[in-house]
Amino acid sequence: MKYLLEEVAKIKMGKMFTSEKCFTREGIPYITEEALNKLSLEDDTSCLPKVDSTLKEQYSFSLVPTQSILLNKTNLKDTSIYQCKTDVCISHEIIAIIPNESILSSDYLFHFIKWHQHNNKKCDDYRLMIELPSIVIQHQVVQVLNAVQQLLANKEYLVTAVKNLPKHFDDTSRQAKHHSNSLYQGFEQLHYLYIAMLNHIFNGDYLHDFPEYHACQKLYSH
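Quick look at the structure, then.

Calculation criteria
- Residues numbered from 1 in each chain as written.
- Predicted model: local features only at pLDDT ≥ 70, side-chain atom pairs only at ≥ 80, totals over all residues.
- Heavy atoms only, no water.
- Phe/Tyr/Trp six-rings, centres within 6.5 Å; stacked < 30°, edge-to-face > 60°.
- Buried < 20%, exposed > 50% of the residue type's maximum accessible area, 1.4 Å probe, protein only.
- Helix = DSSP H or I, 4+ residues; strand = E, 2+ residues; numbered from the N terminus.
- Expected span 1.5 Å × (residues − 1).
- Polar contact = N/O pair within 3.5 Å; in protein donor to acceptor, adjacent residues only side chain to side chain.
- Pairing = 2+ DSSP bridges.
- Core = buried A, V, L, I, M, F, W, Y, C linked by side-chain atoms within 4.5 Å.
- Contact = heavy atoms within 4.5 Å.
- Bend = angle between axes of the 7 residues up to and from the residue.
- Salt bridge = Lys/Arg side-chain N within 4 Å of Asp/Glu carboxyl O.

**Details of the packing of aromatic side chains**
Here's step 1: Evaluation of the coordinates by the stated rule reveals five aromatic pairs.
Here's step 2: Centroid distance phenylalanine 23 to tyrosine 30: 5.5 Å. Interplanar angle 55°. Geometry classified as tilted.
Here's step 3: Phenylalanine 23 sits in the partly exposed class, given a relative accessible area of 29%.
Here's step 4: On the basis of an interplanar angle of 75° and a centroid distance of 5.3 Å, the ring pair of phenylalanine 112 and phenylalanine 202 is categorised as edge-to-face. Residue phenylalanine 112 is found in helix H3 (residues 106-118), and its partner phenylalanine 202 is found in helix H6 (residues 173-202); the two are separated by 90 residues along the sequence.
Here's step 5: Members of the aromatic cluster, joined through ring pairs, are Tyr108, Phe112, Trp115 and Phe202.

**Description of H3**
Here's step 1: Its 13 residues give H3 an end-to-end C-alpha distance of 19 Å, which sits within 8% of 18 Å, the value for a rise of 1.5 Å per residue.
Here's step 2: Most of H3 sits inside the fold, with twelve of its 13 residues counted as buried.
Here's step 3: Listed as buried for H3 are Ser106, Asp107, Tyr108, Leu109, Phe110, His111, Phe112, Ile113, Lys114, Trp115, His116 and Gln117.
Here's step 4: Put simply, serine 105 is the residue that caps the front of H3, since its side-chain oxygen is 3.2 Å from the backbone nitrogen of aspartate 107.

**A closer look at the pairing of strand E4 (residues 28-31)**
Here's step 1: Of the two faces of E4, both are covered, the one formed by Ile28 and Tyr30 as well as the one formed by Pro29 and Ile31.
Here's step 2: Strand direction decides the pairing type here: E4 and strand E5 (residues 50-51), joined by two bridges, are antiparallel. Counterpart to proline 29 in the pairing with E5 is lysine 50.
Here's step 3: Strand direction decides the pairing type here: E4 and strand E9 (residues 88-90), joined by two bridges, are parallel. Note that in E9 the partner of isoleucine 31 across the bridge is isoleucine 90.

**Some thoughts on the nonpolar core**
Here's step 1: Counting 33 residues, the largest nonpolar core has Leu5, Ile69, Ile97, Leu104, Tyr108, Leu109 and Ile130 as the members making the most contacts within it.
Here's step 2: Only helix H1 (5-8), strand E2 (9-13), strand E7 (69-71), strand E10 (95-99), H3, helix H4 (135-153) and H6 provide two or more residues apiece to this core.
Here's step 3: The residues touching isoleucine 69, leaving out its near neighbours within four places in the chain, are Ile81, Tyr82, Gln83, Ile95, Ala96, Ile97, Ser106, Leu109, Phe110 and Ile113.

**A word on H4**
Here's step 1: For H4, with 19 residues, the first-to-last C-alpha span of 25 Å sits near the 27 Å given by 1.5 Å per residue.
Here's step 2: The sharpest bend along H4 reaches about 25° and sits at valine 142.
Here's step 3: Listed in full, the buried residues belonging to H4 are Ile137, Gln138, Val141, Val142, Leu145, Val148 and Leu152.

**Focus on the sheet that holds E4**
The strands that make up a sheet pair up through hydrogen bonds in the backbone, lying either parallel or antiparallel.
Here's step 1: Taken in spatial order, the five strands of this open sheet run E3-E5-E4-E9-E6, and their pairing is mixed. The strands lining the two open edges of the sheet, one partner per strand, are strand E3 (23-24) and strand E6 (63-64).
Here's step 2: Alignment of E3 against E5, held across two bridges, turns out to be antiparallel. Each residue of the ladder has a partner; that of phenylalanine 23, found in E5, is valine 51.

**Digging into the side chain of serine 80**
Here's step 1: Looking at where serine 80 falls in the secondary structure, it is placed in the loop between E7 and strand E8 (81-83).
Here's step 2: Take serine 80: its relative accessible area is 14%, and that puts it in the buried class.
Here's step 3: Of note is the side chain of serine 80, whose polar atom sits 2.7 Å from the side chain of asparagine 37.
Here's step 4: Not counting chain neighbours up to four residues away, the residues in contact with serine 80 comprise Leu36, Asn37, Ser40, Leu70, Leu71 and Asn72.

**Remarks on the pattern of salt bridges**
Here's step 1: As enumerated under the stated definition, the model contains two salt bridges in all.
Here's step 2: Glutamate 34 is the partner of lysine 38 in a salt bridge, and the nearest nitrogen-oxygen pair spans 3.8 Å. In this pair, lysine 38 and glutamate 34 are both assigned in helix H2 (residues 33-39), four residues apart and thus about one turn of the helix distant. Considered together, lysine 38 and glutamate 34 belong to a single accessibility category, that of exposed residues.
Here's step 3: The partner of aspartate 43 in a salt bridge is lysine 85, with the nearest N and O atoms 3.1 Å apart. Placement of aspartate 43 in the loop between H2 and E5 and of lysine 85 in the loop between E8 and E9 is noted, with a sequence separation of 42 residues between them.

The structure is reproduced here in structure tokens:
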């Protein structure tokens, strides 16, 4: 069954504040548009400013929970995307999509938005339609997608590690270069495989393989 995104998730805008006394060494990571661009490439919140959690009620912080999807533009084609691993505070430049996890898995939504980007689909997140199979099917789908995404996230580290082998073993430079090139090509193929998997899943072809999906479709048609 298809839903408007706002029917199955809360869309929340961040807030602006200027008081630096709100920040502390320990607390809730504060995400600006600049920080979001970096997080979408490298998931590390350790160096971000932190908001003193004891002050979050006194000041108008925009606090969003773990598993929220963060965007910096309403146009999904051009946005940076980040899935929160912890509770965070977001600035006025950021939009948070907070899925109703009882019917929409955060991981499923993350990959769905990635699919929109890869297909150059110009769509405002407020007008986004999403077809939802059961939570059980969603979890089965994202297990594979998450595994591929995790490998792609470690691409630079693994390729660099292989390239640096000659520094430790003088007689392996030729072999290391060969394996580095092969590894890089393998990641390129994996990237294309990920996109192909997104198309297969979110075009609806993959879901048709699940008997549960057909049973739900019949139920909603009556």
